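Geometric and topological summary
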Amino acid sequence: MEIITTCNDTIRLSFLTALLRDAGLSPIVLDQHIAAVEGNIGAFPRRIAVPSEEATRARRILQECGVT
């Protein structure tokens with residue numbers, strides 16, 4: 001797994017995850033539990049990761065969409 005991006009904004013996380021899934025990739029959001037436990041104050045940003053073989057394509061998709 002490779003980390004593609006990090007973010008504290010739940011709306012942005014949802015959008016980026018949907019964007020990658022629509023492209024046929026398999027993103028997962030890491031650190032959701034710790035973010036919920038700390039009360040979503042932003043101390044622990046969530047990370048979006050994809051399998052290593054999808055990382056280059058995922059980064060390119062985010063770059064082409066202007067969301068990196």
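One can find the structure itself at the top, above this paragraph.
Residues numbered from 1 in each chain as written. Predicted model: local features only at pLDDT ≥ 70, side-chain atom pairs only at ≥ 80, totals over all residues. Heavy atoms only, no water.

**Quick look at the pattern of salt bridges**
All told, the structure shown has three salt bridges when counted by the stated rule. Between Glu2 and Arg59 there is a salt bridge, with its nearest N and O atoms 3.3 Å apart. You can see Glu2 sitting in strand S1 (residues 2-7) and its partner Arg59 sitting in helix H3 (residues 55-64), a full 57 residues away along the chain. Note that Arg60 and Glu64 form a salt bridge whose closest N and O atoms lie 3.7 Å from each other. Note that Arg60 and Glu64 are positioned in helix H3 at a spacing of four residues, about one turn of the helix. Note on Arg60: relative accessible area 42%, which makes it partly exposed. Owing to a relative accessible area of 60%, Glu64 belongs among the exposed residues under this scheme. (Salt bridge = Lys/Arg side-chain N within 4 Å of Asp/Glu carboxyl O. Helix = DSSP H or I, 4+ residues; strand = E, 2+ residues; numbered from the N terminus. Buried < 20%, exposed > 50% of the residue type's maximum accessible area, 1.4 Å probe, protein only.)

**Observations concerning the packing of helix H1 (residues 10-22) against H3**
Between H1 and H3, the least distance of the axes is 10 Å, while the angle of their chain directions is 120°. It follows that H1 is oblique to H3 by the angle criterion. Of the two elements, H1 crosses H3, and the hand of that crossing is right-handed. Contacts from Leu16, Leu19 and Leu20 of H1 reach H3 at Ala58, Ile61 and Leu62. Looking at the contact of H1 with H3 residue by residue, the class counts come to six nonpolar, no polar and no charged. (Axes fitted to C-alpha atoms, helices over the stretch in contact; angles between N-to-C directions. Parallel < 35°, antiparallel > 145°, perpendicular 65-115°, else oblique. Left-handed = near helix turned anticlockwise from the far one by under 90°. Contact = heavy atoms within 4.5 Å. Nonpolar A, V, L, I, M, F, W, Y, C, P; charged D, E, K, R; others polar.)

**Digging into the sheet that holds strand S2 (residues 28-30)**
In space, the three strands of this open sheet follow the order S1-S3-S2, with antiparallel pairing throughout. Single-partner strands in this sheet number two, and they are S1 and S2. When strand polarity is set aside, the average angle formed by the axes of neighbouring strands in this sheet is 30°. Both S2 and strand S3 (residues 46-50) contribute to a ladder of three bridges, which runs antiparallel. (Pairing = 2+ DSSP bridges.)

**Focus: the nonpolar core**
Formed by 14 residues in total, the largest nonpolar core has its most connected members in Ile4, Leu20, Val50, Ala58 and Leu62. Mapped by element, the contributors of at least two residues to this core are S1, H1, S3 and H3. Among residues more than four places away in sequence, those in contact with Val50 are Met1, Glu2, Ile4, Leu20, Ser26, Pro27, Ala55 and Ala58. (Core = buried A, V, L, I, M, F, W, Y, C linked by side-chain atoms within 4.5 Å.)

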